Amino acid sequence: MQELTIATSNPHKVDEISAVLGPLGIRCIPLGRADIPEPEEDGATFEENARIKARAYASALGRVVLADDSGLEVDALGGAPGVHSARYAGIGATREERDRANNMKLLAALSNVPDAQRTARFVCVLSIARPDGRIVAESRGTFDGIIGRAPRGSNGFGYDPLLVLEDGRTSAELSPDEKNARSHRGNALRLILPQLRG
Ligand code: ITT
């Protein structure tokens, strides 16, 4: 069984990535160390931020790592919150509090926007780096929907309760397997796999 370190502070990402890669014989190792300073994600794109994280953690650990930069693009907001999705509202001591505040801010920003203009998508960029800083694989996946009028569902994390899919359910109403089968992260993982094998 191969091992791959998942360079993220977000346990939900580790769970989703492990659920896809585990059955394919890749054991995902969480960071598990609090002493590595989180790099500043000051890139203008998901690609730049994914590379920043992958390089920083690969160099600190001396191991090949996979990093994930992701977020929500809302068309009526010109693509915001985009790369700023994690700290859109800028408040909350815990991840759950930050997610709730982000969802409330997004609903308020869209309160006057009609349903037809509430199109949005999750984006996930995965980047794999070696300790010398070389990026050896990269992929991007997306997951389309519209932003609902109120949060629904208790699975997933982040903006999942607000992204309404074609079948009327939100991303937070999908089981973990259903989400991975359709999501930005699941799609990015399926695209990076052939590069991993190489
Ligand atoms: P790391 O940087 O340590 O990986 P993070 O959670 O801060 O953890 P990002 O900087 O990539 O990760 O921010 C991603 C944010 O985008 C995340 O906090 C959510 O608010 C949102 N997001 C990403 N993927 C999502 C998903 O699958 N479902 C719902 N929201 C998601």
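Below: a short report on this structure. Given the structure is predicted, the values throughout are model-derived calculations rather than measurements.

Conventions adopted
Residues numbered from 1 in each chain as written. Predicted model: local features only at pLDDT ≥ 70, side-chain atom pairs only at ≥ 80, totals over all residues. Heavy atoms only, no water. Disulfide = S-S within 2.5 Å. Buried < 20%, exposed > 50% of the residue type's maximum accessible area, 1.4 Å probe, protein only. Helix = DSSP H or I, 4+ residues; strand = E, 2+ residues; numbered from the N terminus. Contact = heavy atoms within 4.5 Å. Polar contact = N/O pair within 3.5 Å; in protein donor to acceptor, adjacent residues only side chain to side chain. Pairing = 2+ DSSP bridges. Phe/Tyr/Trp six-rings, centres within 6.5 Å; stacked < 30°, edge-to-face > 60°. Lys NZ or Arg CZ within 6 Å of the ring centre and 35° of its normal.

Comments concerning the state of the cysteines
For step 1, the next point in the chain: Inspection of the entire model under this criterion finds zero disulfides.
For step 2, the next point in the chain: For the unlinked cysteine C28, the closest cysteine sulfur is that of C124, found at 13 Å.
For step 3, the next point in the chain: Accessibility expressed as a relative area gives 13% for C28, which makes it buried.

Considering the side chain of N49
For step 1, the next point in the chain: Examined against the element boundaries, N49 turns out to sit in helix α2 (residues 46-61).
For step 2, the next point in the chain: For N49, a relative accessible area of 0% translates into the label buried.
For step 3, the next point in the chain: If sequence neighbours within four positions are ignored, N49 has contacts with E41, D42, G43, D69 and V83.

Here we look at the environment of I147
For step 1, the next point in the chain: Assignment of secondary structure puts I147 in strand β5 (residues 135-147).
For step 2, the next point in the chain: Among the residues examined, I147 registers a relative accessible area of 1% and is labelled buried.
For step 3, the next point in the chain: Note: C-alpha distance between I147 and E16 (131 residues apart in sequence) is 22 Å.
For step 4, the next point in the chain: Ignoring any residue separated from it by four or fewer positions in sequence, one finds I147 in contact with L72, V74, L106, L110, R118, A120, L162 and L163.

Focus on helix α1 (residues 11-21)
For step 1, the next point in the chain: Taken together, the buried positions of α1 are K13, V14, E16, I17, V20 and L21.
For step 2, the next point in the chain: Taking the backbone nitrogen of H12 as reference, a side-chain oxygen 2.9 Å away marks N10 as the first, capping residue of α1.

What to know about the sheet that holds strand β2 (residues 26-30)
For step 1, the next point in the chain: With mixed pairing, six strands are arranged side by side in an open sheet as β2-β1-β3-β4-β5-β6. Since the sheet does not close on itself, it has two edges, and those belong to β2 and β6 (163-164), each with one partner.
For step 2, the next point in the chain: Relative to β2, strand β1 (residues 2-6) runs parallel, the two being bridged by five bridges. Each bridged residue has a counterpart across the sheet, and for Q2 the counterpart in β2 is I26.

With respect to the packing of aromatic side chains
For step 1, the next point in the chain: A full pass over the atoms with the stated rule returns one aromatic pair.
For step 2, the next point in the chain: On the numbers, 6.4 Å between centres and 35° between planes, the contact of F122 with F143 is tilted. Of this pair, F122 sits in strand β4 (residues 119-129) while F143 sits in strand β5, and the two are 21 residues apart along the sequence. For the residue pair F122 and F143, the accessibility class agrees, reading buried in each case.
For step 3, the next point in the chain: Its guanidinium or amino end placed over the ring of Y88, K105 lies 4.4 Å from that ring's centre, counting from NZ or CZ.

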